[in-house]
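Take a look at the letters that make up each chain.
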Amino acid sequence: EEERLREEKRKREEERMAELDRLHQQTMDEGKRLKEEADERARVKEQNNINYRVSNSELGNEEDTFEVKAIYSFKTTDDGELPFRKGAIITVTEVVDDNWYYGQLGAAQGIFPTSYVVKVEAEAPPPASPATQRIEDCLEDISSPVKEEPALDGVLDNSGNYDNRSAEDSDDSNFQDYELYIAQYSYQPLNADELELQRGDIVEVIERCDDGWFVGTSQRTEQFGTFPGNYVLPYDE
């Protein structure tokens, strides 16, 4: 009887050890599977980033870099992601999508969530000091953006209409008496004679004054006035 009990005990112990080995192996297999899935997600994410950069480079769609400031710390162990602390200034080199940026912090590079940062807005240069009656000082006898009509050298025809074919045929018929500039910064007028600007506005500049201010007409608003010249750059159509 004792021999039978010892045999049963030995079998139960063997079964218990076999069950422990099975559970251990199952745990190892599950851990390996999870790691492989994580590695695959990281590989796909990095490949998507590479495809995005290559596609934009081929299409010439690479955006200008800009800086962002971290409003939260971002901790990650995933390959391809960029960890940072709150307050860090990161240079964004690519906008992956609405949710992710690709950027650089020191020597490290990677993607990070857009919701963790805010853009660092570039400060507009201060305008030059406004001058009294700036337009009148800069332009003589100009109070509106009306363009001067060319001199007419033709003659009246039999119907009483002016024959201006000679003016159309002259080399000066297509003369443009303004230069196009594009606004790099927005500007809110401080005086009644000043011109409102929004970033990207096209302005027909008819005079560049000695004090650094320009005079012209906004194509967007069709308003005429003066504005700081360091807010615009020449525009090539």
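Predicted model only: the values in this text are computed from it and were never measured.

(A) Quick peek at the overall build of the protein chain. When helices and strands are counted, the protein chain shows three helices and 12 strands. For the protein chain, restricting intrachain contacts to residue pairs at least 6 apart in sequence, the fraction spanning at least 24 positions comes to 49%. In the form shown here, the protein chain has an accessible surface area of approximately 17400 Å², with 47% of it arising from carbon and sulfur atoms.

(B) Broad picture of the sheet that holds strand β1 (residues 66–70). As summarised here, the arrangement of the five strands in space is β4-β3-β2-β1-β5, forming an open sheet in which the pairing is antiparallel. In this open sheet, the two strands that pair with only one neighbour each are β4 (108–113) and β5 (117–119). Here the strands of the sheet are splayed against their neighbours by 40° on average, with no regard to which way each runs. Note that strand β2 (residues 89–95) and strand β3 (residues 100–105) share four bridges and pair antiparallel. Within β3, the position partnered with V95 by the bridge is Y101.

(C) Molecular detail of the environment of S186. Within the secondary structure, S186 sits in the loop between β8 (179–183) and β9 (202–208). The exposure class assigned to S186 is partly exposed, which follows from its relative accessible area of 45%. For S186 and R199, which are 13 residues apart along the polypeptide, the C-alpha to C-alpha distance reads 4.9 Å. Setting aside its immediate chain neighbours within four residues, S186 contacts L197, Q198, R199 and Y231. At 3.3 Å, the side chain of S186 forms a polar contact with the backbone nitrogen of R199.

(D) Main features of the pairing of β8. Pairing between β8 and β9: four bridges, direction antiparallel. Paired with L180 across the bridge in β9 is E204. Where β8 and strand β12 (residues 232–234) come together, three bridges link them in antiparallel fashion. Bridge pairing in β12 links I182 to L233.

(E) Local environment of the sheet that holds strand β10 (residues 213–218). Strand order in the open sheet formed by five strands is β11-β10-β9-β8-β12, and the pairing between neighbours is antiparallel. A strand with exactly one partner marks an edge of an open sheet, and here the two such strands are β11 (224–228) and β12. Across the sheet, the mean angle separating the axes of adjacent strands is 45° when strand polarity is ignored.

(F) Structural view of the confidence of the model for the protein chain. Confidence in the prediction of the protein chain, expressed as mean pLDDT, is 76, and 68% of residues score 70 or more. Taken element by element, the predicted model of the protein chain shows its lowest mean pLDDT in helix α3 (residues 165–169) (45) and its highest in β10 (92). Between residues 57–62, whose pLDDT stays under 50, and residues either more than four places distant or in other chains, the model counts three contacts. Here residues 164–175 is modelled with pLDDT under 50, and outside its nearest four sequence neighbours on either side it reaches four contacts, counting other chains as well.

(G) Spotlight on the pairing of β1. Only one face of β1 is covered, namely the one carrying F66, V68 and A70; the face carrying E67 and K69 has none of its residues buried. In this structure, β1 lies alongside β2, joined through four bridges in antiparallel fashion. Bridge pairing in β2 links V68 to I90. As paired elements, β1 and β5 share three bridges and run antiparallel to each other. If you follow A70 over to β5, its bridge partner there is V117.

(H) Looking closely at the side chain of E204. With respect to the helices and strands, E204 occurs in strand β9. A polar side-chain atom of E204 sits 3.2 Å from a polar atom in the side chain of Q219.

(I) Structural view of the pattern of salt bridges. Applying the stated criterion to the full structure yields 11 salt bridges. Its salt-bridge partner being E3, residue R6 comes within 2.5 Å of it at the nearest N-O pair. Highlighted residues: R6 and E3, both in helix α1 (residues 2–59), separated by three residues, approximately one helical turn. Residue R6 is classed as partly exposed on the basis of its relative accessible area of 48%. Across the salt bridge formed by K35 and D39, the nearest N and O atoms sit 3.0 Å from each other. On the criterion of helical spacing, the pair formed by K35 and D39 is a turn pair, its members being four residues apart in helix α1. You can call K35 exposed: its relative accessible area is 54%.

About the criteria used
For every chain, the first residue of the written sequence is number 1, and numbering continues from 1 along that sequence. Selection of residues for local features in this predicted model requires a pLDDT of at least 70, selection of side-chain atom pairs for listing and counting requires 80 or more, and totals for whole chains, interfaces and linings are taken over all residues. The side-chain values count all of the structure's non-hydrogen atoms but skip hydrogen atoms and water molecules. Counting from the N terminus, the helices are the DSSP runs of H or I reaching at least four residues and the strands are the DSSP runs of E reaching at least two. Whether two residues are in contact is decided by their heavy atoms: any pair within 4.5 Å suffices. Areas reported here follow the Shrake-Rupley algorithm with a probe of radius 1.4 Å; residue values treat only the protein chains shown as occluding. Strand pairing follows a simple DSSP-based rule, namely that at least 2 bridges must link the two strands. Only the contacting stretch of a helix is used when fitting its axis, a line to C-alpha atoms as for every element, and angles between N-to-C directions run 0 to 180 degrees. Three exposure classes are used, based on accessible area relative to the maximum for each residue type with a 1.4 Å probe and protein chains only: buried under 20%, partly exposed in between, and exposed over 50%. By the criterion applied in these results, polar contacts are pairs of N or O atoms within 3.5 Å in which, for protein atoms, one can donate a hydrogen and the other can accept it, and in which residues neighboring in sequence qualify only through two side-chain atoms. Scored between 0 and 100, pLDDT is the confidence that the predictor attaches to each residue. Each salt bridge in this description consists of a side-chain nitrogen of Lys or Arg and a carboxyl oxygen of Asp or Glu lying within 4 Å of one another.

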